[in-house]
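# Commentary on secondary and tertiary structure
What follows is each chain in one-letter form.
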Amino acid sequence: MKLPERLKELRTERNLRQEDIAAALRLSLSAYCRYEQGKREPTASVLENIADYYNVSVDYLLGRRDRRK
């Protein structure tokens, strides 16, 4: 499982909309949607912010680990 799938999985587990996550992370909706669609790669700092928001590791987001933390 890669980043787009992990992003969608974490968001839907919490019953959040893409708009909610984009606002919480101070990203444009279009940028966040592109991350979930795999059309754009987030910068390292954005990736860290997403991991902090969901309380998971960056390695989990990237699919390098299956353990969330």
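Just above sits the structure.
Criteria and cut-off values
- Residues numbered from 1 in each chain as written.
- Predicted model: local features only at pLDDT ≥ 70, side-chain atom pairs only at ≥ 80, totals over all residues.
- Heavy atoms only, no water.
- Core = buried A, V, L, I, M, F, W, Y, C linked by side-chain atoms within 4.5 Å.
- Buried < 20%, exposed > 50% of the residue type's maximum accessible area, 1.4 Å probe, protein only.
- Helix = DSSP H or I, 4+ residues; strand = E, 2+ residues; numbered from the N terminus.
- Contact = heavy atoms within 4.5 Å.
- Salt bridge = Lys/Arg side-chain N within 4 Å of Asp/Glu carboxyl O.
- Phe/Tyr/Trp six-rings, centres within 6.5 Å; stacked < 30°, edge-to-face > 60°.
- Lys NZ or Arg CZ within 6 Å of the ring centre and 35° of its normal.

### With respect to the nonpolar core
Grouped together as the largest cluster of nonpolar side chains are 18 residues, with contacts concentrated most on Leu7, Tyr32, Tyr35, Ile50, Tyr54, Val56 and Leu61. Contributions of two or more residues to this core are made by α1 (3–13), α2 (18–24), α3 (29–37), α4 (44–54) and α5 (58–62). If one sorts the elements of this core by residue count, α4 sits on top with five residues. Sequence-distant contacts of Val56, that is, excluding residues within four places in its chain, are made with Leu10, Ala51, Leu61, Arg68 and Lys69.

### So, the pattern of salt bridges
In total, this model carries seven salt bridges according to the counting rule given. Between Glu13 and Arg14 there is a salt bridge, with its nearest N and O atoms 3.7 Å apart. Judged by relative accessible area, Arg14 falls into the partly exposed class, the value being 35%. Across the pair Glu13 and Arg68 runs a salt bridge whose closest N-O atoms are separated by 2.7 Å. Of the two residues, Glu13 sits in helix α1 while Arg68 sits in the segment after α5, which places them 55 residues apart along the sequence. Residue classification places Glu13 among the partly exposed residues on the basis of a relative accessible area of 42%. Residue classification places Arg68 among the partly exposed residues on the basis of a relative accessible area of 30%. Through salt bridges with shared partners, one network takes in Glu9, Glu13, Arg14 and Arg68.

### Remarks on the side chain of Arg11
Locating Arg11 in the fold gives a position in helix α1. The class of Arg11 is buried, set by a relative accessible area of 10%. Discounting residues that sit within four places of it in the chain, Arg11 has contacts with Leu16, Arg17, Gln18, Ile21, Tyr32, Glu36 and Tyr54.

### Some remarks on the packing of aromatic side chains
Two descriptors summarise a pair of aromatic rings, namely the distance from one centre to the other and the angle between the planes of the rings. Summed over the entire model, instances satisfying the criterion amount to one aromatic pair. Taken together, a centroid distance of 5.1 Å and an interplanar angle of 85 degrees make the contact between Tyr53 and Tyr54 edge-to-face. In this structure, Arg6 is placed above the aromatic ring of Tyr60, and the distance from its NZ or CZ to the ring centre is 3.9 Å.

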